[in-house]
Amino acid sequence: MILKKLLEKLDYTVLSGNDCIHIHHLVNDSRKVGMEDVFVCIKGAGFDGHKFVNDVAGKGAAAVVVMEEVEVPENVTVIQVEDTRYALACMSAAYFGYPAEKLTTIGITGTKGKTTTTYMVRQVLESVGIKTGLIGTIETIVGDEIIPAKNTTPESYVVQETFAKMVEQGCDCVVMEVSSQGLMLHRVAGFTFDYGIFTNIEPDHIGPNEHKDFNDYLRCKSMLLKQCKHGIINMDADHIDEILEGHTCDIETYGVKGNYDFKASDINLFTKPGCLCVSYNLTGKMDFPVEIHVPGNFSVYNSLCAIAICSHFTKNVDMIKQALIDVRVKGRVEIIPISHRFTLMIDYAHNAMSLESLLTSLKEYQPKRLVTVFGCGGNRSRDRRFEMGEVSSRLADFTIVTSDNPRFEEPMEIINDILIGVKKANGEYVTVPDRKDAIRYAVLHAQDGDVIVLAGKGHEDYQEIKGVKHPMDERALIQEIISEDKIKAVL
């Protein structure tokens, strides 16, 4: 490929060499550079690709793309751009032949609801024969291939590479989670989404290596509506005016509180044996009753969003209704049906905000008791421990404090921090440091009508201790536990 072709969507300056040279590979990892490659110098929080230009030149790189002046051998072409992350995105799109143009692209952003909504959309589209890829927090799905995720939104090169694989596999559509970091770091630059979706926003991801403040977080979330053809937004969300400011797409709306394009009314929370459900009447551009076997009012918003998206692909109401009943998302209020006496679920709630939202929703079902099993990660903010402990003690009837990725800290030190928060409220509690023992305790002491939440791990299948990720999937632990004779007797 000719370098100039890779740069065709960019403003750039040739500092040395020329842009008509042949390029073998596009690379942004200096360790992977080979002969006749072009290396894009990315600056990150703890690294700077510009420092490796002589290394990649020594490996035979034909060109480097930079934001600042560098010294390299005369035979290396130097291309200067304003932002190398943006350049990488545009170059990656060109390198893989602009695969997004061969797919219908759906991007979903928001503080909460991205993961569940992407799975709902994929379930509906697949059920009506539209082969759909998925990129998200849990995994990437390309045809029959499932790839565990490293980031909610991968680096732009990986996004474009994945799109190309989806095209090769015959996918018609891709639905993906678009994080604020993904937008800020141009991971989804280089193409225009067909559909851009905004679910909601709450203070999150604010810190030294993320967003400097809430306004920056808000600004990044709003970027999606400037990079899509058709926007679908939750009009009940906070800060909606700021999100819509400067949008360049046409807008479709959903929610509960107004006369929107897709509106839910007559919301009913109800239970089935071992399952918490919600139903409502949908009106607006589509009109039919909806039932979902995922609990909480947030499930109303997630499903409304999914219906609004899928209405552009199918009008088959029966297929939409059945797909929404069938959808299950690993680690997102995932019901594990082991007994008709009580409800057991796994959820990724791993901070105070997400735990409070989950427990508040579950309390609306008026369980006999609401029981939480959770811990907090080591080498992370201690404040999270105090906050989660207080939230659980205030909202749950019984808290079982255990371990969760202690990393390089001692589990009991983390547990003692959590207990400081627990003791600020009035909930009963017990400490069971080993997570499997804690789950066994919860099941063994379950009462009829209880809702038991295993919080924090979600889709994770490991426990990180002293730098080593040990295999540990709560689903497997549950199966081991319920095979024990003393547990069988109480189910």
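A few points on the structure. (Residues numbered from 1 in each chain as written. Predicted model: local features only at pLDDT ≥ 70, side-chain atom pairs only at ≥ 80, totals over all residues. Heavy atoms only, no water.)

## What to know about the overall build of the protein chain
Spelled out, the test is: Strands here mean DSSP runs of E at least two residues long; helices mean DSSP runs of H or I at least four residues long; both are numbered from the N terminus. Throughout, the radius of gyration refers to the C-alpha atoms, and the reference size of a globule is 2.2 Å times the residue count to the power 0.38. Only protein chains enter the area calculation, which uses a 1.4 Å probe; residues under 20% of their type maximum are buried, those over 50% are exposed, and those in between are partly exposed. Note on areas: Shrake-Rupley, 1.4 Å probe, and residue coverage restricted to the protein chains presented here.
In terms of regular secondary structure, the protein chain is built from 16 helices and 24 strands. Expected size for 491 residues packed as a compact globule is a radius of gyration near 23 Å; at 24 Å, the protein chain falls within 12% of this value. Taken along its principal axes, the extent of the C-alpha atoms in the protein chain is 75 × 55 × 40 Å. Taking all 491 residues of the protein chain together, 57% fall into the buried category. Of the roughly 20,700 Å² of accessible surface on the protein chain, a fraction of 48% belongs to carbon and sulfur atoms.

## Describing the packing of helix α14 (residues 435-444) against helix α15 (residues 474-482)
Using the following cut-off: Helix axes are fitted only over the stretch in contact, all axes being lines through C-alpha atoms; the angle between N-to-C directions runs from 0 to 180 degrees. Throughout, the term roughly parallel applies to angles under 35 degrees, roughly antiparallel to angles over 145, roughly perpendicular to angles from 65 to 115, and oblique to all others. Handedness of a crossing follows from how the near helix is turned relative to the far one, being left-handed for an anticlockwise turn of less than a right angle and right-handed for a clockwise one. For this analysis, residues touch if any pair of their heavy atoms sits within 4.5 Å. Ten residues, namely Ala, Val, Leu, Ile, Met, Phe, Trp, Tyr, Cys and Pro, are considered nonpolar, four, namely Asp, Glu, Lys and Arg, are considered charged, and the remaining ones, Gly among them, are considered polar.
Viewed as axis vectors pointing N to C, α14 and α15 meet at an angle of 55°, and their least axial separation amounts to 10 Å. The pairing of α14 with α15 is recorded here as oblique in orientation. Between α14 and α15 lies a crossing whose hand is right-handed. Residue-level inspection shows R435, K436, I439 and R440 of α14 in contact with α15, the latter providing E474, L477, I478, E480 and I481. In the contact of α14 with α15, the residues fall into four nonpolar, no polar and five charged.

## Things to note about unusual backbone geometry
The backbone phi angle of H239 is positive, close to 60°, even though this residue is not glycine. Inspection of the secondary structure assignment puts H239 in the loop between β12 (228-234) and α8 (240-244). Relative accessible area serves as the criterion here: at 33%, H239 is assigned to the partly exposed category. You will see that Q366, though not glycine, has its phi angle at about 50°, which is positive. Relative to the helices and strands, Q366 is located in the loop between α11 (352-363) and β19 (370-374). Given the relative accessible area of 71%, Q366 is considered exposed.

## Thoughts on the pattern of salt bridges
Basically, it comes down to this: Put simply, a salt bridge is a Lys or Arg side-chain nitrogen that is within 4 Å of an Asp or Glu carboxyl oxygen.
In total, this model carries 28 salt bridges according to the counting rule given. Of the charged contacts, one joins R31 and D29 as a salt bridge, the two residues approaching to 2.9 Å between their closest N and O atoms. Accessibility expressed as a relative area gives 70% for R31, which makes it exposed. Taking relative accessible area as the criterion, D29 reaches 19% and is therefore assigned buried. Salt-bridge contacts for K436 lead to E480; the nearest nitrogen and oxygen are separated by 2.7 Å. With K436 in helix α14 and E480 in helix α15, the pair connects residues that are 44 residues apart, well separated along the chain.

## Let's talk about the sheet that holds β19
Rule in force here: Between any two strands, at least two bridges found by DSSP are needed for them to pair.
As summarised here, the arrangement of the six strands in space is β17-β18-β22-β19-β20-β21, forming an open sheet in which the pairing is mixed. Strands with a single pairing partner mark the edges of an open sheet, and in this sheet they are β17 (334-335) and β21 (428-431). As judged from the four bridges shared by strand β20 (residues 398-401) and β21, these two strands associate in the parallel manner. Bridged to T399 within β21 is Y429.

## With respect to the state of the cysteines
Any covalent bond linking the sulfur atoms of two cysteines counts as a disulfide. What counts here: Cysteine sulfur pairs qualify as disulfides if the two atoms are within 2.5 Å.
One pass over the structure, following the stated rule, counts zero disulfides. C249 takes part in no disulfide bond, and the closest cysteine sulfur to it belongs to C228, at a distance of 3.7 Å. Overall, the relative accessible area of 8% leaves C249 in the buried class. We note that C310 lacks a disulfide partner, and the nearest cysteine sulfur, in C173, lies 8.5 Å from it.

## A look at the environment of D194
Going by this rule: Polar contacts, as counted here, are pairs of nitrogen or oxygen atoms within 3.5 Å of one another; within protein the pair requires one atom able to donate a hydrogen and one able to accept it, and residues that are adjacent in sequence qualify only if both atoms are side-chain atoms.
Position of D194 relative to the elements: it lies in strand β11 (residues 193-198). A residue is classified by how much of its surface remains accessible, and D194, at 16% relative accessible area, is buried. A C-alpha to C-alpha distance of 25 Å links D194 and A264, two positions 70 residues apart in sequence. Excluding its chain neighbours within four sequence positions, the residues that come into contact with D194 are L103, T104, T105, K229 and H230. Of note is the side chain of D194, whose polar atom sits 2.9 Å from the backbone nitrogen of T105. Engagement of the side chain of D194 in a polar contact is seen with the side chain of K229, the distance being 3.2 Å.

## Some points on the sheet that holds β11
The strand order across the open sheet built from eleven strands is β9-β8-β7-β10-β6-β11-β12-β13-β14-β15-β16, with neighbouring strands paired in mixed fashion. Single-partner strands in this sheet number two, and they are β9 (145-148) and β16 (288-292). The mean angle between the axes of side-by-side strands here comes to 20°, regardless of whether they run parallel or antiparallel. Examined bridge by bridge, β12 and strand β13 (residues 250-255) share five bridges and lie parallel to one another. Along β13, the bridge assignment pairs I232 with E252. Where helix α4 (residues 114-127) meets the sheet, it contacts β6 (104-109), β7 (132-135), β8 (139-142), β10 (173-177) and β16, and its direction lies at approximately 165° from that of β10.

## Examining helix α12 (residues 382-395)
Inclusion rule: Expected helix span is computed as 1.5 Å times (number of residues minus one).
An ideal rise of 1.5 Å per residue puts 20 Å on 14 residues; α12 measures up with 20 Å between its terminal C-alpha atoms. Inspection of α12 places R385, M388, G389, V391, S392, S393 and L395 among the buried residues, and these make up the whole buried set. Check the buried side of α12 and you find it contacts α11, β19, β20 and α13 (411-422). A side-chain oxygen of the first residue of α12 lies 3.2 Å from the backbone nitrogen of D383; this N-cap is S381.

## As for the packing of aromatic side chains
Let me state the cut-off plainly: Only the six-membered ring of Trp is used, alongside the rings of Phe and Tyr, when aromatic pairs are assigned; centres must lie within 6.5 Å, and planes under 30 degrees apart are stacked while those over 60 apart are edge-to-face, with the rest tilted. For a ring to carry a charge above it, either NZ of a lysine or CZ of an arginine must fall within 6 Å of the ring centroid while also lying within 35 degrees of the normal to the ring plane.
This structure, assessed with the given rule, holds eight aromatic pairs. With centroids separated by 6.1 Å and ring planes inclined at 35°, the aromatic side chains of Y95 and Y157 adopt a geometry described as tilted. Here Y157 lies in helix α5 (residues 156-168) and Y95 lies in helix α3 (residues 84-95), a separation of 62 residues in the sequence. Y157 matches Y95 in its accessibility class, with the two residues each being buried. Through successive ring pairs, a cluster of aromatic residues spans Y95, F96 and Y157. Lying over the aromatic face of F398, R369 brings its terminal NZ or CZ to 5.8 Å of the ring centre.

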